[in-house]
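One letter stands for each residue in the lines below.
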Amino acid sequence: MPSSAVSTRPHVVVVGGGIAGLAAALGVLDGLPTAEVTVLEGSDRLGGKLRLEPVAGHLVDVGAESLLAVRPEAVALAARVGAGDDVVAPSTTSAAVWSRGALRPLPRATLMGVPTDPDSARGVLADDEVERLRAEQEWPGGALQEDVAVGKYVATRLGQAVVDRLVEPLLGGVYAGHASRLSLRATLPTLWERATRGETLLAAPASGPATPEGGGPRPAFAGLVGGVGRLPGLVADVLRSRGAALRTLAVVRRLEQVGDGWRLVLGSAATPEVVDADAVLLCVPPTPAGRLLAPHAPTAARVLGEVETASTAVVTLAVQRAGLGTLPGSGFLVPPVEGRTIKASTFSGNKWAWTGDLSPDLVHLRASVGRAREEAVLQRADDELVEVSVAEVGEALGRRLPRVVDAHVQRWGGGLPQYAVGHVDAVAAVRSEVARLPGLEVAGAAYDGVGVPAVIASATRAAAATVHHLSTTTTHRGDRPA
């Protein structure tokens, strides 16, 4: 058969069935509707870290429960799969910091904890710490020339207290990491840009969130009625309706280059299964991605293998409404310097109207546990994590919680990649080497951001590159010898 003939539809295999893999599969089908798409997920369910579980008989999020709405990708994907009308703003965005034995208002105008108005941090910071913040110092040598840890840079310019009591709890909520090890360039690009220009860190952002017609500023975050955990299932339904094959318990052990295509080996060594593909998208965490890439892109494999990940747990509680009293705002953050077990608590029934309406008798709230290199706390049994969460949330509120009717502990082992100093350059090195392998792409939380919109953006980018490759390739599986 002539090499210019196309005898079969191009086959695209997506490795990983989290939101990155599902969004990538949808992107491929949107760009190349004739493609045959297969998603291979190693665990027993799709969705990755977006997940719903019943707590006191009601499905609630036990993974990510909000979406960064100032980025369009997640909200657009929800609309794309029929849930646009279910996107909602939080009922309250008022949050607190549990600092020095009391819940104190989180300054509203901050950039990942860096206040634009020093006086707004008073309370969380002591008076002398506020004055140190106000007396912003220059970075030695002037404008920043190379990446540096967030903690080192902010402490040098604004004082250690700003890092300990504001930046650390916010970074801990997003990355489950530590300011002393996380990259300024990768985690706080706005501050990085200011730093490279030698500008003040206290200025408000050059442009705020877009405003809806006739209203005030658009909320920074959004949720989904019924839970953000619905999103993977909605995307999966669309994929199935378009003929995609979605497989769980399908662990890819090896990736082989066969001619101008790829071969994936699944299953055990004794009973292997072979899947041939014209293109492969690796939408899995850095360690398994590095393992599959090792024979083909050794530098990329090494870099990905060096990406540290943090393990966390989400403890969800359903407590009696009677006797609970009023919960302040959407929840609170806990600075590591306070020495507590929990790092945050979300008053879900306050934050999301749909959660608050689930039961007239119960209130749902949750606590987060775990930071990078602090896995010892996660070695506790589930009932111990529930007990300490109940105790510490009650202590923060200044009263014991009412009876806990039900509780759920969701553990996320190695769930959050840590963006160490030099991360942006490391990702560029990975992509540069992978780009030399036609028909192979990478996507996920290890590259351009750990939030849901950033993960979807990386998947969309990988899907577009795959579509371009297949659209300019004249041979597919049926044209190659077996």
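Let me sum up the structure you'll find in this document. Not measured: the values here are computed from a predicted model.

### Some details on the overall build of the chain
At step 1: If you tally the helices and strands in the chain, you get 15 helices and 22 strands.
At step 2: Here the C-alpha radius of gyration of the chain, 24 Å, is about what a compact globule of 482 residues would show, namely 23 Å.
At step 3: Overall, the chain is about 80 × 60 × 50 Å in size when its C-alpha atoms are taken along their principal axes.
At step 4: With 482 residues in all, the chain has 52% of them scored as buried.
At step 5: Taking the contacts inside the chain whose residues are at least 6 apart along the sequence as the reference set, 73% of them involve residues at least 24 apart.
At step 6: Accessible area for the chain stands at about 20000 Å²; split by element, carbon and sulfur atoms hold 52% of it.
At step 7: Separation of charge centres in the chain, based on 46 positive and 50 negative side chains, amounts to 1 Å.

### Some details on the pattern of salt bridges
At step 1: Counted according to the given criterion, the structure contains 27 salt bridges.
At step 2: A salt bridge links Arg165 to Glu338; its shortest N-O distance comes to 2.6 Å. Here Arg165 is found in helix α5 (residues 160-175), whereas its partner Glu338 is found in the loop between β18 (331-333) and β19 (342-346), with 173 residues between them in sequence.
At step 3: The exposure class assigned to Glu338 is buried, which follows from its relative accessible area of 19%.
At step 4: In this structure, Arg197 and Glu193 form a salt bridge, with 3.8 Å as the shortest nitrogen-oxygen distance.
At step 5: Among the charged side chains, a salt-bridge network with shared partners connects Asp119, Arg122, Asp127, Glu131 and Arg134.

### Notes on helix α4 (residues 150-158)
At step 1: In terms of residue burial, α4 counts as a mostly covered element, since seven of its nine residues are buried.
At step 2: Of all the residues in α4, the buried ones are Val150, Gly151, Tyr153, Val154, Ala155, Arg157 and Leu158.
At step 3: Against β10 (114-115), α3 (127-134), α5, α6 (184-187) and α7 (189-196) lie the buried residues of α4.
At step 4: Looking one or two residues beyond α4, the residue adopting positive phi is Gly159, at roughly 110°.

Thresholds applied
Residues numbered from 1 in each chain as written. Predicted model: local features only at pLDDT ≥ 70, side-chain atom pairs only at ≥ 80, totals over all residues. Heavy atoms only, no water. Helix = DSSP H or I, 4+ residues; strand = E, 2+ residues; numbered from the N terminus. Rg over C-alpha atoms; globule rule 2.2 N^0.38 Å. Buried < 20%, exposed > 50% of the residue type's maximum accessible area, 1.4 Å probe, protein only. Contact = heavy atoms within 4.5 Å. Areas by Shrake-Rupley, 256 points an atom, 1.4 Å probe, with all protein chains shown as cover. Lys, Arg positive; Asp, Glu negative; His and termini not counted. Charge placed at Lys NZ, Arg CZ, Asp CG, Glu CD. Salt bridge = Lys/Arg side-chain N within 4 Å of Asp/Glu carboxyl O.

As far as function goes, none of this settles anything; it's purely spatial.
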